[in-house]
Amino acid sequence: MKHLLRLADLPITEINRILDCAQAAKTGIYDDSETKRIVANLFFEPSTRTQYSFNTAELKLGCKVINFNAASSSLQKGETFYDTVKTFESFGIDAVVIRDRKDRYYLDLIDRIHIPILNGGDGKMDHPTQSLLDLLTIREEFNHFDGLKIAIVGDIAHSRVAHTNIEVMQRLGMQCYISGPEEYQDAQYDSIDFDQAVETMDVIMLLRVQHERHDQAMSISVEHYHQQYGLTMERVAKMKPHAIILHPAPFNRGVEIADDVVECEKSRIFKQINNGVYVRMAVLKRAWESD
Amino acid sequence: MKHLLRLADLPITEINRILDCAQAAKTGIYDDSETKRIVANLFFEPSTRTQYSFNTAELKLGCKVINFNAASSSLQKGETFYDTVKTFESFGIDAVVIRDRKDRYYLDLIDRIHIPILNGGDGKMDHPTQSLLDLLTIREEFNHFDGLKIAIVGDIAHSRVAHTNIEVMQRLGMQCYISGPEEYQDAQYDSIDFDQAVETMDVIMLLRVQHERHDQAMSISVEHYHQQYGLTMERVAKMKPHAIILHPAPFNRGVEIADDVVECEKSRIFKQINNGVYVRMAVLKRAWESD
Amino acid sequence: MKHLLRLADLPITEINRILDCAQAAKTGIYDDSETKRIVANLFFEPSTRTQYSFNTAELKLGCKVINFNAASSSLQKGETFYDTVKTFESFGIDAVVIRDRKDRYYLDLIDRIHIPILNGGDGKMDHPTQSLLDLLTIREEFNHFDGLKIAIVGDIAHSRVAHTNIEVMQRLGMQCYISGPEEYQDAQYDSIDFDQAVETMDVIMLLRVQHERHDQAMSISVEHYHQQYGLTMERVAKMKPHAIILHPAPFNRGVEIADDVVECEKSRIFKQINNGVYVRMAVLKRAWESD
C-alpha cells in the first residue's frame, strides 16, 4: 500500500516511474480489471477537474466509485474529519482521494488510516497529481527536464500548485522563476519580470487569482492585472518558438489569460487535463502495490 | 457521432427510427455491453426526471456514469460553461448530457466539442427527449400520429416542452392546440377553450406553472387556476373514450391536475416516465453511430 | 419482494436469518453478480454512514447505484414525496433505500409502490439496519443475546435507534435500560443511573445529542453533559471485563464520549460501521427474494 501525499517525499526515480506508467496508460496499455476495488472521493473543497478526473481514472481502471457529497453529510452534525475518513475505511473501501482546506490534513490520518490516501490537494501546501500532470505534459513536449526554464506567474503565495511544482522541478534540473503582482510573490523563489519571462522561458505556467483564499481584495483591478500580467496573443508572439503555455485551470479568461490564448497553438491547457486522467490512473495502480 | 440538440433538425424518418429503437429496448431487445463508455450528466438546472432517467438509461446500456454536481464545482470559481464542457471532453468522456438555463446553449459548443452532446433541456427552447417520450407514449396508444388532436394546456410561453412538441407533432400530421390562462399563451399557435378541448381532443397534455421561470407572480390564484384549467375527474368524465392524459411532470397536485386524476385510467403520466428511459437508451446508442 | 420497514414486523427467526446472511457475507461468502440490478438511494435527510454504507453494500453485490441528490431535485419545484418515489419505480429501478424526516413515511408508499423499500431511517421512529448491525456486533461478541444487559444512554426521546433497538432486544431476551438527562428520557422504558449502568451492563450504547431534532436548546451545558453522562476512560475502567461500548455515530468527541474512548479496547464503534455494510448486503439480497 502506498499513499500519495506530496512529491517532496518521492525520489526522482519514483516520479519517473509514475510518469512512465501514465504514458503507457495514455497509449492504451492499461488494465481495466480492478473491478473489485471501491474508491471513495472525499472532496471537502469544491473541485471540477481534480474530482472528476480522478473519477474518470477510477472508472477507466474498472473500479467502483463513491463520491462523497460533503455538503449533505454528517459533517453537518459535527463529525470530525478523521472520523469521516475512518468511517470510509471501516466500510471496506480500497482507497480514498481527499481534498481539504487544511494544510497537511493527512498528518492526522497517516498513522491511523490503513488504506491508501491520495492527496487531491491540501490547503496551500501540495497538489501532487497536478504537478505530475504538468511534468507529463512537459516531458511529452521536450523529452527531458534538465535545463528547461519555467516561470510560474500569478498568485504564488496562495498556490499549492506553485509550491509543489518548484520543489520537484528544481530536483529534475529545471530553472524555476516566479512572476506576477508583488503582493502574491514568495521571497524564497527567484523572481523575474513578466515580459522578460515571456521572451526567455520554455514554459510559461499561468495561475488563477484565487480570490476565495484571500482575506482581502486584490489591490489592482482586473483590467490592470490583465494589462500587466495577462498572457495575450501579443505576448504569445514574443515567446520562443518551441515554448509552451500551461495553466492548472480553472482559468479566468480576460484576467490572467486572454480569450484567444486558451486554445492557441502554444497552449497545452486541455492536453494537461487529458494527461491528468492518465497520471491519476498511474497513482491509483501504485496505491495498491505492496510497499 | 450524432448530437441530439433539437427535434426540428431531424427528419421524420429519423424520429421514427429512434422510436423503433426505444420500443425494441422496451421489449428487452437491447445491448448492455457499452461497458467501455463513460457518460457525464452535466445538469446546470435542477432536475429529477431527466437527469436520473438518463442515468438509468446509461446504466442499463452498461455505461459508466459521472454525475456532475454543478453546485460544488469550479463554476463557483468563475469557470465558463464552455470550459467546463471542454474539460469533460478532455477527460476522454464518450458523451455529455447537458441541461442549461440558456436558450440554445449548444451553439457555443457544437463546433468546438467533439463528443456527442445530448440536450437535456435548454432554457425555454427545446427538450427533445421529453418530446420523444411523449411521441412514444402516443404511438403505443394509437399506433399512428396522423390526424390525432392534442391540446397542450397551461404555461405555454415558458415551456420548452410545448415548443418542441408542437413543431414535431405538426410534422407528424397531428392537430395541435394550446389552452390555459391568456397571459401564458403564444399567439403563433391555435388556441382552444379548455372545456372544449377536454371534450374533443385525443390527447390532453397538461403543463406545470413554472413559477421559477416567471419574472412576476401569476395574476390568478391557485384555486382559480384549478377551477378554470385544472383537470378534475369531472372533466375527465367528459373526455372521449379513447383519449389520454399526458404531463411531462413534475406536476402540482391540486393546481393543473386533481389528485385523483394523476393515476386515473386515462392517465399515462407514469408510463411516460417509464418510456423516457427507453427513449434515452435509443438516443445514447444513436450518439455513437457514425455519421 | 420484501420491504424492510421496521424490525417490529419481523419474527426473531427472520432477524436471525438476516444476521446469518450478514455473517456469511463478512467471511467473504457472497455473490457479487447482481449486475443487472439498479438501486436508488433516496436520502431526504443528511447522512454519511447509512447512505454510503448502503452504497458500498450495493457495489459489493455488483449492483448499479443511483444516488439521488434531494437538494438539486424537482422537490424544489413542489413535487411530492410519493411522486418522487413513484418516478424512480417508473424508471425501472429494482429497489429504493429511503431516509426521510417524516415518521412512518412508508405508510403512504407500501400499497402503491411495487418495488422493495429499504428503510434507511424514518423520523424518530425506526432505523432497522442500524439495529441489525448493533445486533450483529453484539452476537459476534457474546455469541448469544439472552440475558445480556444493555443501557442506552442519552437522547432517547429523539432517537429512532433507541426505539428500534429496545423493541427487538427485549424480544431477543436482553434486559434494556435507558439513562441520561431526564429531559430526554422516555417513561415507557426502565431507567438506570449512568454510573451504575457503567458498572453493571454488558453493553453501553451511547447516543449523540441530536440538536437538529430539538425545538429548544439543551438545558445543561456540553461540559456538564460530559461530566455527568460522558463516557470517559475513568468510567471505562469501571466497566465489567467483557463489556463493550457501542455508538451508532456520528459521535461528538468530548460530549457523550471522551476522545480516547472512541478507539479504546472496549469500543466496537468502527466495527459496527464495518458490520453495517454486511447487514445491508443481507437485507438487499433479501429484498429480492420471493415472498
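**Considering the packing of aromatic side chains**
Here the structure, examined in full by the defined rule, presents 33 aromatic pairs over all chains. With a centroid separation of 5.5 Å and an interplanar angle of 50°, the aromatic rings of B:Tyr52 and C:Phe88 are classed as tilted. Of this pair, B:Tyr52 sits in helix H2 (residues 49-60) while C:Phe88 sits in helix H3 (residues 81-91), each in a different chain. Given the relative accessible area of 2%, B:Tyr52 is considered buried. The buried category is assigned to C:Phe88, whose relative accessible area is 0%. Put simply, the rings of A:Phe44, A:Phe68, A:Phe81, A:Phe88, A:Phe91, A:Tyr105, A:Tyr106 and C:Tyr52 touch in pairs and so form one group of aromatic residues. Above the plane of the ring of A:Tyr82 lies A:Arg112, whose end atom (NZ or CZ) is 3.7 Å from the centre. The side chain of C:Arg280 reaches across the aromatic face of C:Phe54, ending 5.2 Å from its centre.

**Overview of the interface of chain B and chain C**
Taken residue by residue, the interface counts 25 residues in chain B and 27 residues in chain C. The contact between chain B and chain C buries some 2,200 Å² in all, and 52% of this surface belongs to carbon and sulfur atoms. Sorting the residues of chain B by area buried against chain C places B:Thr48, B:Tyr52 and B:Leu59 first, and these three jointly supply 27% of that buried surface. Counting every contact that joins chain B to chain C gives five salt bridges. Residue B:Arg253 pairs with C:Asp83 through a salt bridge whose shortest N-O separation is 2.6 Å.

**Describing the domain arrangement of chain A**
All names here are of chain A. Taken domain by domain, chain A comprises domain 1 (7-125 + 276-287) and domain 2 (128-273). Domain 1 puts 29 residues into the contact, and the matching count from domain 2 is 28 residues. Buried area between domain 1 and domain 2, summed over both chains or domains, comes out near 2,400 Å², and the portion from carbon and sulfur atoms is 57%. At the junction of domain 1 and domain 2, the tally comes to three salt bridges. Residue Glu140 pairs with Lys26 through a salt bridge whose shortest N-O separation is 3.0 Å. Linking domain 1 to domain 2 there are 11 residue pairs in polar contact (both at pLDDT 80 or more). At the level of elements, helix H1 (12-26), helix H2 (49-60), strand S3 (95-100), strand S4 (117-122) and helix H9 (269-287) are the ones that each hand at least two residues to the side of domain 1 that touches domain 2. Residue contributions to the side of domain 1 that touches domain 2 peak at nine residues, all from H1.

Each value, and the rule that gives it
- Residues numbered from 1 in each chain as written.
- Chains lettered and ligands numbered in written order.
- Predicted model: local features only at pLDDT ≥ 70, side-chain atom pairs only at ≥ 80, totals over all residues.
- Heavy atoms only, no water.
- Phe/Tyr/Trp six-rings, centres within 6.5 Å; stacked < 30°, edge-to-face > 60°.
- Helix = DSSP H or I, 4+ residues; strand = E, 2+ residues; numbered from the N terminus.
- Buried < 20%, exposed > 50% of the residue type's maximum accessible area, 1.4 Å probe, protein only.
- Lys NZ or Arg CZ within 6 Å of the ring centre and 35° of its normal.
- Contact = heavy atoms within 4.5 Å.
- Buried area = accessible area lost by both parts, 1.4 Å probe.
- Salt bridge = Lys/Arg side-chain N within 4 Å of Asp/Glu carboxyl O.
- Domains from an automatic or database assignment.
- Polar contact = N/O pair within 3.5 Å; in protein donor to acceptor, adjacent residues only side chain to side chain.

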